[in-house]
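# Examining the three-dimensional arrangement
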There are 2 protein chains.
Amino acid sequence: MRLTCRSCSIRSRALCRALPEATLDQINRLARRRRVPAGRALFNEDEANNVVATVLAGVAKVSVSLADGRTQVVGLHFPSDFIGRPFAAPVAPLAEAATDVELCFFDRPRFEALLVEHKGLEEVFVRQVTAELDAAREWMLLLGHKTAEERMASLILQCLTRLEPSDCVAHVPATEVRIELPLSRTEIAQFLGLTIETVSRMLKRLSTVGVIAIESGRGIRVRDRAGLERRAEAGKV
Amino acid sequence: MRLTCRSCSIRSRALCRALPEATLDQINRLARRRRVPAGRALFNEDEANNVVATVLAGVAKVSVSLADGRTQVVGLHFPSDFIGRPFAAPVAPLAEAATDVELCFFDRPRFEALLVEHKGLEEVFVRQVTAELDAAREWMLLLGHKTAEERMASLILQCLTRLEPSDCVAHVPATEVRIELPLSRTEIAQFLGLTIETVSRMLKRLSTVGVIAIESGRGIRVRDRAGLERRAEAGKV
DNA sequence: CGGCGCGCTTGATACAGATCAAAGAAAACT
DNA sequence: AGTTTTCTTTGATCTGTATCAAGCGCGCCG
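## A short note on the nonpolar core
Within the largest apolar cluster, 144 residues are counted, with the highest numbers of intra-cluster contacts made by Met152 and Ile156 of chain A together with Met152 and Ile156 of chain B. Beyond its immediate sequence surroundings of up to four residues, isoleucine 156 of chain A is in contact with Ile179, Leu203, Leu206, Ile212, Ile220, Val222 and Leu228 of chain A.

What follows is the structure, given as structure tokens:
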């Protein structure tokens, strides 16, 4: 199915809720689309500070690094999420495609103008940034105080939640759900504050106790979601 | 010096930049003031989701916890910082006074109305939230990948930066600066993802090598800021 | 088809920081 | 002032995760 530029924004939860048709039209007129293959930066240097975008398909990661190379993935952006910050400081962290990504982007100054002009849009945007902040804080708790196993379980749960079709609010939960982790082992390690070896061992551990099954490299089946939830918060079985 | 309610907002960097006099007047009319002694929650349960505030004096901390008690301090709010989120999800993390705090607070719905009405204010607010997100991300890097010594040095530097008088942009840097850490050892540990014992040992280490000197419990003198900066990012001396 | 490279797993060992234990030092209370 | 309580330091030991070091699987390309 080919998405038209119009449907870009329509498909974006973050943008479309409660906005009048006229506003959406205006937004859509500013939108441009782009596909970014896995591993590539979403924007080139010139763009980085002058665009905002929403993810249509795939998963993007945002990361920050220390001079000596230590890297922390600080956020994942799933379909419908915003990327970029209007009015913000001119230092953008690095945004890359974790999987192949399809996105819909806007010239920043114009988007800012829209933001100022349309009350509803501004509110939607504030909510989005706020949600991101909440996610960052939850991750701080994970990085500061959770064990390796809890971290791994938390990540799987987050992917599960965000990759599930969210439209059908009350769909019957499948006993076994298959998902494709959007990150490589290295990226998982950078997100969880662990090493790739530990990530590998924790995945193994979770699969030996039976809460997940590892299919191929990134593909896993969640066999016991409750067990996973328990393990995401309390170390003790 | 007694601060009038009017001067509340005037003193707040975040609120006063580039706002027209009329807007400030309107904001000031909605403001209420409060003093919170160290250790107390800033707001009671009813309020928590229905107010926003700016810190006038002292330092507030925001924290999230796991069921078993593990606690992560996810943010510090220094004078001029915002607390609370307009339009946000109805789950507010716990905000407490780290030191005695003086704040200026607003009824949330009214503040939201203001936000929608005044373009400039909204922009100021977005910037504030964005800055908070940046800080959270930098802290994620710290929690995920820095050593205990680097963490301790980073915290001291952050306090140093935020507690310095920021009005005098180009003031001559003193060779030795004395600051009062706004957090107890326990709180520092919860912020850095360490234990109190390790915090104590790292402070000792930094003082033995001479970059800081420990005066009383919370009072320290920064004797070698450059050394501290080096230690905040690179482990190796 | 076979070698080559890259991402992943697995095992052995080391170490930073946690945990356990106790003693000082400040506050807080009487 | 003296006692209790709470916070901080210091020391000894333990442990989870990093680090070091092979080995494995699989896609890629000649």
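From this point, the discussion proceeds with the structure in view.
## A word on the protein's contact with DNA strand C
Neighbouring residues of DNA strand C: 14 residues in total, closest Arg185 and Lys204 of chain A together with Ala148, Thr198 and Arg201 of chain B. In DNA strand C, the atoms that sit within 4 Å of the protein are 65% sugar and phosphate, with bases accounting for the remainder. Within the contact set of DNA strand C, a phosphate oxygen lies 2.8 Å away from a backbone nitrogen or oxygen of alanine 148 of chain B. Taking threonine 195 of chain B, its side chain carries an N or O atom lying 3.1 Å from a phosphate oxygen of DNA strand C. Looking at the surface near DNA strand C, the elements that each hand over two or more residues are α9 (196-208) of chain A together with α9 (196-208) of chain B. For the surface near DNA strand C, the residue count by class is 2 nonpolar, 6 polar and 6 charged.

## Quick notes on the confidence of the model for chain A
All names here are of chain A. Residues at a pLDDT of 70 or more form 85% of chain A, whose mean pLDDT is 85. Mean pLDDT across the elements of chain A bottoms out in helix α1 (residues 5-11) (49) and peaks in helix α8 (residues 185-192) (97). Across residues 1-7 the pLDDT falls below 50, and counting only partners more than four positions away or on other chains, this stretch makes 13 contacts in the model.

## With respect to unusual backbone geometry
As a rule of thumb, non-glycine residues mostly have phi less than zero, and peptide bonds are mostly trans rather than cis. Positioned with a positive phi, serine 80 of chain A is a non-glycine residue whose angle comes to about 95°. Turning to its location among the elements, serine 80 of chain A is positioned in the loop between β4 (71-77) and β5 (82-83).

## Concerning the interface of chain A and chain B
Contacts between the two partners involve 46 residues from chain A and, on the opposite side, 45 residues from chain B. Interface of chain A and chain B: buried area, both sides summed, is about 4,100 Å²; carbon and sulfur atoms make up 62% of it. When the buried area of chain A at its contact with chain B is split by residue, Phe87, Arg137 and Met140 of chain A rank highest and sum to 18% of it. Note that arginine 137 of chain B is salt-bridged to glutamate 132 of chain A, the shortest N-O span being 2.7 Å. Between chain A and chain B we count 16 residue pairs in polar contact (both at pLDDT 80 or more) in total.

## Notes on the pattern of salt bridges
Counted according to the given criterion, the structure contains 44 salt bridges over all chains. Note that glutamate 215 of chain A is salt-bridged to arginine 221 of chain A, the shortest N-O span being 2.6 Å. Between arginine 110 of chain B and aspartate 107 of chain B there is a salt bridge, and its shortest N-O distance comes to 3.9 Å.

## Focus: the packing of aromatic side chains
All names here are of chain A. The full count for this structure, using the stated rule, is 8 aromatic pairs over all chains. Their ring planes at 45° and their centres at 5.3 Å tell us that phenylalanine 106 and phenylalanine 111 sit as a pair that is tilted. Both residues of the pair, phenylalanine 106 and phenylalanine 111, belong to the buried class. On the basis of an interplanar angle of 15° and a centroid distance of 4.4 Å, the ring pair of tryptophan 139 and phenylalanine 191 is categorised as stacked. Placement of tryptophan 139 in helix α6 (residues 119-145) and of phenylalanine 191 in helix α8 is noted, with a sequence separation of 52 residues between them. We classify tryptophan 139 as buried; its relative accessible area is 5%. Classification of phenylalanine 191 by relative accessible area gives buried; the value is 2%. An aromatic cluster of at least three residues, connected via ring pairs, comprises Phe82, Phe106, Phe111 and Phe125. Seen from the ring of phenylalanine 105, arginine 34 lies directly overhead, with NZ or CZ sitting 4.5 Å from the centre.

The rules behind the values
- Sequence order as written defines the numbering, with residues in each chain counted from 1.
- In the order they appear in the text, chains get letters beginning with A and ligands get numbers beginning with 1.
- The model is predicted, so local features are restricted to residues of pLDDT at least 70 and side-chain atom pairs to those at 80 or more, both for listing and for counting; the totals for chains, interfaces and linings are taken over all residues.
- To obtain the side-chain values, all non-hydrogen atoms of the structure were used and water was disregarded.
- We call a set of buried residues a nonpolar core when its members are Ala, Val, Leu, Ile, Met, Phe, Trp, Tyr or Cys and they connect through side-chain atoms within 4.5 Å of each other.
- Any residue under 20% of the maximum accessible area for its type is buried, any over 50% is exposed, and the rest in between are partly exposed; the area is computed with a 1.4 Å probe on protein chains only.
- Should any heavy atoms of two residues lie within 4.5 Å, those residues are considered in contact.
- In these notes, residues near a molecule or strand are those with any non-hydrogen atom within 4 Å of it.
- Pairs of N or O atoms are called polar contacts if they sit within 3.5 Å, as long as, within protein, a hydrogen donor faces a hydrogen acceptor (for residues adjacent in sequence, only side-chain-to-side-chain pairs).
- Secondary structure elements are defined from DSSP: runs of H or I of at least 4 residues count as helices, runs of E of at least 2 residues count as strands, and each element is numbered from the N terminus.
- Nonpolar residues are Ala, Val, Leu, Ile, Met, Phe, Trp, Tyr, Cys and Pro. Charged residues are Asp, Glu, Lys and Arg, and all others, Gly as well, are polar.
- Per residue, pLDDT measures the predictor's confidence, with a range of 0 to 100.
- Each of two parts loses accessible area, computed with a 1.4 Å probe, when they are put together; buried area is these two losses added.
- Salt bridges are counted wherever a side-chain nitrogen of Lys or Arg sits within 4 Å of a carboxyl oxygen of Asp or Glu.
- Put simply, two rings from Phe, Tyr or Trp (the six-membered ring, in Trp's case) pair if the centres are within 6.5 Å, and we call them stacked under 30 degrees between planes, edge-to-face over 60, tilted for the rest.
- Two limits define a charge over a ring: the Lys NZ or Arg CZ must be within 6 Å of the ring centre, and within 35 degrees of the ring normal.

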